[in-house]
Amino acid sequence: MDWQVWSEFFKQNWLIILVALIILFLVINLVKTVIKWLIVIIIAVALFIYSGISMDQIKDTVSGVTEQTLSALQQEATEVMKKEAADAKFEKNQDGTYTIRTTNLEVLGTPGKNTVSVTFRGVSLGEWDVKGTMKSFIEEAKSNAGTSGNPS
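Note that the structure is predicted; figures quoted are calculated from it, not measured. Sequence order as written defines residue numbering, which begins from 1 separately in each chain. The predicted nature of this model means local features are confined to residues of pLDDT at least 70 and side-chain atom pairs, given and counted, to a pLDDT of 80 or more, with totals for whole chains, interfaces and linings taken over all residues. Water and hydrogen atoms play no part in the side-chain values, which are based on all heavy atoms of the structure.

A. Spatial organisation of the pairing of strand β3 (residues 105–109). Working definition: with a 1.4 Å probe on protein chains only, accessible area under 20% of the residue-type maximum means buried, over 50% means exposed, and in between means partly exposed. A helix here means a DSSP run of H or I that spans at least four residues, while a strand means a run of E at least two residues long, and both kinds are numbered starting from the N terminus. Alternating positions in β3 separate cleanly, Leu105, Val107 and Gly109 being buried on one face and Glu106 and Leu108 remaining unburied on the opposite face. In this sheet, β3 lies alongside strand β2 (residues 98–101) in antiparallel orientation, the contact comprising four bridges. Its bridge partner lying in β3, Thr99 is registered against Leu108. Here β2 folds back onto β3 in antiparallel fashion, the turn holding three residues. Two strands form a pair only when DSSP identifies at least two bridges running between them. Two successive antiparallel strands, β3 and strand β4 (residues 115–120), enclose a turn made up of five residues, where Gly112 displays a positive phi of approximately 95 degrees.

Here it is as structure tokens:
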């Protein structure tokens, strides 16, 4: 959201905003029930919708921020994976799966599958393909445990 767009909106709609604020002030001071907050929310939503911002734009903005955050976390996790591979602890679980733990990472996988579940500092980063850095990480963790073999 651009500050210049908001500034222009306020310049063009200052009278409507002023009337809405006066109504909100009167509602808050005169009505002392749950209805008061319902009216306040309706007025705020009406102003929000009137400003030209659609729910799709809000959803797109939230989705974009989420994707950027997840991408940044994945990049950071990959770097940490490279640094902490030598200290990775490989554990074979009773159900046939394996878990690899470091200070900041936890990788859960099943032998024969081409994906693993990655958790970075307690935040799930979803399923990752077993290739490149991840494959090297798993192999190094296995060698730390004194086992060998192909992770996929």
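B. View of the sheet that holds β2. Strand order in the open sheet made by the five strands is β1-β2-β3-β4-β5, with antiparallel pairing throughout. Single-partner strands in this sheet number two, and they are β1 (89–92) and β5 (123–129). On average, each strand axis in the sheet is inclined to that of its neighbour by 20 degrees, with strand direction left out of account. As judged from the five bridges shared by β3 and β4, these two strands associate in the antiparallel manner. Every angle, taken between N-to-C directions, lies between 0 and 180 degrees, and every axis is a line fitted to C-alpha atoms, over only the stretch in contact when it is a helix.

C. Region of interest: the nonpolar core. Buried Ala, Val, Leu, Ile, Met, Phe, Trp, Tyr and Cys residues that are joined via side-chain atoms within 4.5 Å together make up what is termed a nonpolar core. In terms of nonpolar packing, the biggest core is built from 20 residues, with Ile100, Leu105, Val116, Val118, Trp128, Met134 and Phe137 touching the most fellow members. The set of elements that each furnish at least two residues to this core consists of α4 (55–84), β2, β3, β4, β5 and α5 (133–145). Residue contacts follow a heavy-atom distance rule, with two residues in contact if any of their heavy atoms lie within 4.5 Å. Excluding residues within four positions of it along the chain, Val118 makes contact with Leu105, Glu106, Val107, Val123, Ser124, Leu125, Gly126, Trp128 and Met134.

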